[in-house]
Amino acid sequence: MADSDATPPVCGCKGIRTCLLCESPAAELPKALHKTKSFVYVPEKGIAKGVERSEAADWWFPFPGVTLIEEFVTEDEEGEMVHAMDQDQWRLSQSGRRKQDFGPKVNFKKQKIKLANFTGLPSISKVLWERMRSHTVLAGFLPVEQCNLDYNFDRGSAIDPHFDDSWLWGERLVSLNLLSETVLTMSCSSSDNLQLISTLDQWTEPNGNCVHNTDEGVIRGQSELQDCVPHSTSNTTMVPYSEVEVAIHLPRRSLVVLYGDARHKWMHAIHREHIKQRRVCSTFRELSAEFSAGGKEEAQGQMLLDIALGFQGKSV
């Protein structure tokens, strides 16, 4: 049985990655570079709004591709899940994290998959999957991989900005946040310009109706917002994507789904300063089109799904 509170004697950091276990207390560590314009995601409206009393205050822009489902599991279910994880072995990972993988062994550079030790998703996840499918955004979702990550304040746990693979993993990334709240930070390295809209501005829908500013609280859903056009350009401005950072606040026991631009255009990260106490997350991934019905690797994809959805998995 793994001890969830024990501090491992060594860390799993490689290359440039570090954690509090391998950093020298006397070393002058580089400070995190924060973007100059900070926004916070507003899930009710599907927008990113400038943080108050910051350079981005009074500006906003559409931020599609995120669905946040609060209280996805109960407190009792959360306790049962984490207890079950702690009966299994937590393996060292980079940047102060520990992990449990329930998926095939993959070499993404060589695009090779090994099935030898893959036994499927854990049994406790079957009820989660069935619950996921009741939400429109996850209709038809077939998880083929689950990764549990254990973040701890004492280890300085974090994960750098990154894109998840898109050769094997499909459109939707699904993550369940357990034990504590945190912040998912979205950033984009593109030098292309992003249009910001003033909170005093108005947008016009294709049918001619006027959609007023965000403070009046009458912006529709993000799917309708994407088809709107600025009523005027006097209250807009352009900034490089690379100067923008969007914080998605993840409450305890919430489920977040990333797809579209949030999956492919914006990188996601968990910064060290947003881990205040132990946090456990379970991330579920589906197959890409290449491994799905009609794709050239359909047969191998079906084999992976048959194993995954047997829910007899042991971590590898």
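All figures in this text were calculated on a predicted structure; none of them were measured in a lab.

Caption draft 1: The arrangement of the overall build of the chain in detail. Helix and strand counts for the chain come out as 5 helices and 21 strands. Within the chain, the fraction of its 316 residues that count as buried is 48%. Considering only contacts in the chain between residues 6 or more positions apart, those separated by 24 or more positions represent 80%.

Caption draft 2: Spatial organisation of the side chain of Asn-152. Here Asn-152 lies in the loop between strand S9 (143-151) and strand S10 (159-162). The buried category is assigned to Asn-152, whose relative accessible area is 16%. With residues near it in sequence (within four places) discarded, Asn-152 still touches Ser-157, Ile-275 and Arg-278.

Caption draft 3: Fine view of the environment of Gly-156. Among the structural elements, Gly-156 can be located in the loop between S9 and S10. We classify Gly-156 as buried; its relative accessible area is 1%. Sequence separation between Gly-156 and Glu-273 is 117 residues; the distance between their C-alpha atoms is 8.3 Å. Beyond its immediate chain neighbours, meaning those up to four positions away, Gly-156 contacts Leu-20, Ser-95 and Arg-272.

Caption draft 4: Quick peek at the sheet that holds strand S21 (residues 279-287). Here 7 strands make up an open sheet; going across it, the order is S4-S19-S11-S21-S9-S6-S5 and the pairing antiparallel. Both outer strands of the open sheet, strand S4 (66-69) and strand S5 (91-92), are each paired with one neighbouring strand and no more. As judged from the 8 bridges shared by S9 and S21, these two strands associate in the antiparallel manner. Looking across to S21, one finds that Glu-145 is bridged to Arg-285. In the packing of helix H1 (residues 75-87) onto the sheet, the strands contacted are strand S6 (98-102), S9, strand S11 (169-178) and S21, and the crossing angle to S11 comes to about 105 degrees.

Caption draft 5: The arrangement of the sheet that holds strand S20 (residues 267-270) in detail. Reading across from one edge, S10-S20-S12-S18-S1-S2-S3-S13-S17 is the order of the 9 strands in this open sheet, with mixed pairing throughout. Looking at the sheet topology across the chains shown, the edges are occupied by S10 and strand S17 (236-240). Here the average twist between neighbouring strands, direction ignored, is 30 degrees. Examined bridge by bridge, strand S1 (residues 37-42) and strand S2 (residues 47-50) share 4 bridges and lie antiparallel to one another. If you follow Tyr-41 over to S2, its bridge partner there is Ala-48.

Caption draft 6: Quick peek at the packing of aromatic side chains. A complete count under the given rule lists 9 aromatic pairs for this structure. One aromatic cluster is present, formed by Phe-39, Tyr-41, Phe-61, Phe-63, Tyr-241 and Trp-266 through successive ring pairs. Its end group placed over the ring of Phe-72, Arg-131 keeps NZ or CZ at 5.8 Å from the ring centre. A cation sits over an aromatic face here: Arg-279 above Tyr-151, 4.9 Å from the ring centre.

Caption draft 7: View of a positive patch on the surface. Where like charges cluster on the molecular surface, the positive patch consists of Lys-105, Lys-110, Lys-112 and Lys-114. The residue Lys-114 is located in strand S8 (residues 112-114) in this model.

Caption draft 8: The confidence of the model for the chain, seen in detail. Averaged over all residues, the pLDDT of the chain is 87; the fraction at 70 or higher stands at 83%. In this model, residues 26-33 is a region of pLDDT below 50 whose contacts with residues beyond four sequence positions or in other chains number 1 contact. Contacts from residues 204-226, a stretch scored under 50 in pLDDT, to residues over four places away or in other chains number 53 contacts.

Caption draft 9: Looking closely at helix H5 (residues 298-308). Within H5, the full set of buried residues consists of Gly-301, Leu-304, Leu-305 and Ala-308. Along H5, the residues classed as buried sweep out an arc of 100 degrees about the axis, all on the same side. Structural note: H5 exposes Ala-299 and Asp-306 on the side pointing more than 90 degrees away from its buried face. Of the surrounding secondary structure, the elements contacted by the buried residues of H5 are S8, S9 and S21.

Caption draft 10: Broad picture of the pairing of S2. With antiparallel pairing between neighbouring strands as the criterion, S1 and S2 make up a hairpin whose turn holds 4 residues, including Gly-46 at a positive phi of roughly 65 degrees. Two strands pair when backbone bridges link them, and S2 and strand S3 (residues 59-62) are joined in this way by 3 bridges, in the antiparallel orientation. Of the residues in S3, the one forming a bridge with Ile-47 is Pro-62.

The rules behind the values
Residues numbered from 1 in each chain as written. Predicted model: local features only at pLDDT ≥ 70, side-chain atom pairs only at ≥ 80, totals over all residues. Heavy atoms only, no water. Helix = DSSP H or I, 4+ residues; strand = E, 2+ residues; numbered from the N terminus. Buried < 20%, exposed > 50% of the residue type's maximum accessible area, 1.4 Å probe, protein only. Contact = heavy atoms within 4.5 Å. Pairing = 2+ DSSP bridges. Axes fitted to C-alpha atoms, helices over the stretch in contact; angles between N-to-C directions. Phe/Tyr/Trp six-rings, centres within 6.5 Å; stacked < 30°, edge-to-face > 60°. Lys NZ or Arg CZ within 6 Å of the ring centre and 35° of its normal. Patch = residues over 30% accessible without salt bridge, like charges linked within 9 Å, V, L, I, M, F, W, Y side chains within 5 Å. Areas by Shrake-Rupley, 256 points an atom, 1.4 Å probe, with all protein chains shown as cover. Salt bridge = Lys/Arg side-chain N within 4 Å of Asp/Glu carboxyl O. Lys, Arg positive; Asp, Glu negative; His and termini not counted. Charge placed at Lys NZ, Arg CZ, Asp CG, Glu CD. pLDDT = per-residue confidence, 0-100. Arc of directions from axis to C-beta.

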